[in-house]
Amino acid sequence: MIPRVLVFAGSVRTGALSGRTADAAVRELALQGVDVTRISLADYPLPLLNQDLEREKGVPENGVKLARMIAAHDGLLIATPEYNASLPPLLKNTIDWVSRVKADAHGRPMRAFRSKPIALCSSSDGGYAGVRAINHLRAVLVHCQAEVITPQCSVPRAQEAFDESGEFVDGRLRKAMSEVCRVLIERTRLLSVRLER
Ligand SMILES: Cc1cc2nc3c(=O)[nH]c(=O)nc-3n(C[C@H](O)[C@H](O)[C@H](O)COP(=O)(O)O)c2cc1C
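As the structure is a computational prediction, the values presented were derived from the model and not from experiment.

Q: I keep staring at the overall build of the protein and nothing clicks. Help me out?
A: Scanning the protein for helices and strands turns up six helices and five strands. In the protein, the order of α-helices and β-strands from amino to carboxyl end is β-α-β-α-α-β-α-β-α-β-α. Against the compact-globule benchmark of 16 Å for 197 residues, the protein has a radius of gyration of 16 Å, which places it among compact chains. Projected onto its principal axes, the C-alpha positions of the protein cover 50 × 40 × 25 Å. Classification of the 197 residues of the protein by burial places 48% in the buried group. Long-range pairs, those at least 24 residues apart, make up 75% of the contacts in the protein with a sequence separation of at least 6. Put simply, the protein shows about 10,100 Å² of open surface, and 50% of that area lies on carbon and sulfur atoms.

Q: Is there a simple way to think about the side chain of threonine 80 in this case?
A: With respect to the helices and strands, the residue threonine 80 is situated in strand 3 (residues 75-80). When sequence neighbours within four positions are dropped, the list of residues in contact with threonine 80 reads Gly10, Ser18, Leu87, Pro88, Leu91, Cys121, Ser122, Ser123, Ala133, Ile134 and Leu137.

Q: How do you make sense of the site of the ligand when you look at a structure like this?
A: As a matter of local geometry, the ligand sits amid 13 residues, with Ser11, Arg13, Ser18, Glu82 and Ser124 nearest to it. Side-chain polar atom of serine 18 to an oxygen atom of the ligand: 2.5 Å apart, as the coordinates give it. Between the ligand and alanine 85 there is a distance of 2.8 Å, counted from an oxygen atom to a backbone nitrogen or oxygen. Its residues placed into classes, the shell around the ligand shows five nonpolar, four polar and four charged.

Q: Explain the pairing of strand 5 (residues 147-155) here, please?
A: Strand residues, when the strand is regular, have side chains that alternate between the two faces of the sheet. For strand 4 (residues 117-123) and strand 5, the ladder comprises six bridges, and the chain directions are parallel. Paired with cysteine 121 across the strands is cysteine 153, a residue of strand 5. Handedness of the crossover is the feature at issue here: the chain leaves strand 4, passes through helix 5 (residues 131-143), returns alongside strand 5, and the resulting connection is right-handed.

Q: Explanation requested: the sheet that holds strand 4 in the structure shown.
A: Backbone hydrogen bonds are what pair the strands of a sheet, in a parallel or an antiparallel way. Strands sit in the order 2-1-3-4-5 across an open sheet of five strands; the sheet is parallel. The open sheet has two edge strands with one neighbour each: strand 2 (35-38) and strand 5. Averaged over all pairs of adjacent strands, the angle between their axes in this sheet comes to 20 degrees, without regard to strand direction. The strands touched by helix 5 are strand 3, strand 4 and strand 5; relative to strand 5, the strand with the most contacts, the crossing angle is about 165 degrees.

Q: Which parts of the structure should I look at to understand helix 1 (residues 17-31)?
A: Along an α-helix, residues three or four positions apart point the same way, because every turn accommodates 3.6 residues. With 15 residues, helix 1 should reach 21 Å at 1.5 Å per residue; the first-to-last C-alpha distance of 21 Å fits that figure. Along helix 1, the residues that are buried comprise Leu17, Ser18, Gly19, Thr21, Ala22, Ala24, Ala25, Val26, Glu28 and Leu29. Directly after helix 1, the chain includes glycine 33, whose backbone phi takes a positive value near 90 degrees.

Q: How do you make sense of the side chain of serine 18 when you look at a structure like this?
A: Looking at the secondary structure, you find serine 18 in helix 1. Here serine 18 falls in the buried class, since its relative accessible area comes to 2%. Not counting residues within four places of it along the chain, the set of residues in contact with serine 18 comprises Ala9, Gly10, Ser11, Ala79, Thr80, Pro81 and Ser123.

Q: How should I be thinking about the state of the cysteines in this particular structure?
A: Here is the idea: a disulfide is a covalent bond, and it sits between the sulfur atoms of two cysteines. Following the criterion strictly, the structure yields zero disulfides and no others. Cysteine 121 takes part in no disulfide bond, and the closest cysteine sulfur, belonging to cysteine 153, lies 5.1 Å away. Residue classification places cysteine 121 among the buried residues on the basis of a relative accessible area of 0%. Here cysteine 144 stays free of any disulfide, with the sulfur of cysteine 121 as its closest cysteine sulfur at 19 Å. Residue cysteine 144 is classed as buried on the basis of its relative accessible area, which comes to 16%.

Definitions and limits used
- Residues numbered from 1 in each chain as written.
- Predicted model: local features only at pLDDT ≥ 70, side-chain atom pairs only at ≥ 80, totals over all residues.
- Heavy atoms only, no water.
- Helix = DSSP H or I, 4+ residues; strand = E, 2+ residues; numbered from the N terminus.
- Rg over C-alpha atoms; globule rule 2.2 N^0.38 Å.
- Buried < 20%, exposed > 50% of the residue type's maximum accessible area, 1.4 Å probe, protein only.
- Contact = heavy atoms within 4.5 Å.
- Areas by Shrake-Rupley, 256 points an atom, 1.4 Å probe, with all protein chains shown as cover.
- Near = heavy atom within 4 Å.
- Polar contact = N/O pair within 3.5 Å; in protein donor to acceptor, adjacent residues only side chain to side chain.
- Nonpolar A, V, L, I, M, F, W, Y, C, P; charged D, E, K, R; others polar.
- Pairing = 2+ DSSP bridges.
- Right-handed = clockwise from strand over helix to strand, strands pointing away.
- Axes fitted to C-alpha atoms, helices over the stretch in contact; angles between N-to-C directions.
- Expected span 1.5 Å × (residues − 1).
- Disulfide = S-S within 2.5 Å.

Function-wise, these values are silent; they only describe arrangement.
This is the structure in structure tokens:
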């Protein structure tokens, strides 16, 4: 089985460091034989979640699309920036909307994050590398019943971390990303065996 993995960053900023980290993950996943889908959340704009809005209009189409796309992949990798020692509002709002989608296109019960193997990366222009954002993001996704893997790749001073081809300059980061991708793939395979039983 060739696992299908969805990848996105928690920033839509031009030249986003988390976007470059997501691109490094895409390259490594492809190298390890995965069928990768890279999306930008800029293509799935969502209003700020407000339960009045949800009650009146339901989950916006982009929220439904994202939820079904996540469900259709064997794994997910998110590269997050860090805002005030936590995950950015774009990412939290996206996860909140996706968590409100409860059915697939045929009306069958579906929870996008339930049992979904998820890998987390972070980056920052500072020395903390966004590890505090990852800790919060991990807690949110575990609450949504995702299977967040333990290895993570956090990129400090990310504005200096990549060479012209987008590879990590530091061999330790290359190794960390390789391990993140290896374990994510292993987890998607384990899960598909469990589901086949
Ligand atoms: C509101 C705000 C809060 C921030 N807080 C942190 C922080 O707590 N830790 C950190 O390392 N960087 C922080 N930063 C800097 C971001 O990590 C930096 O701008 C980064 O490049 C943003 O991610 P992106 O390049 O993927 O868009 C903050 C930036 C903003 C806009």
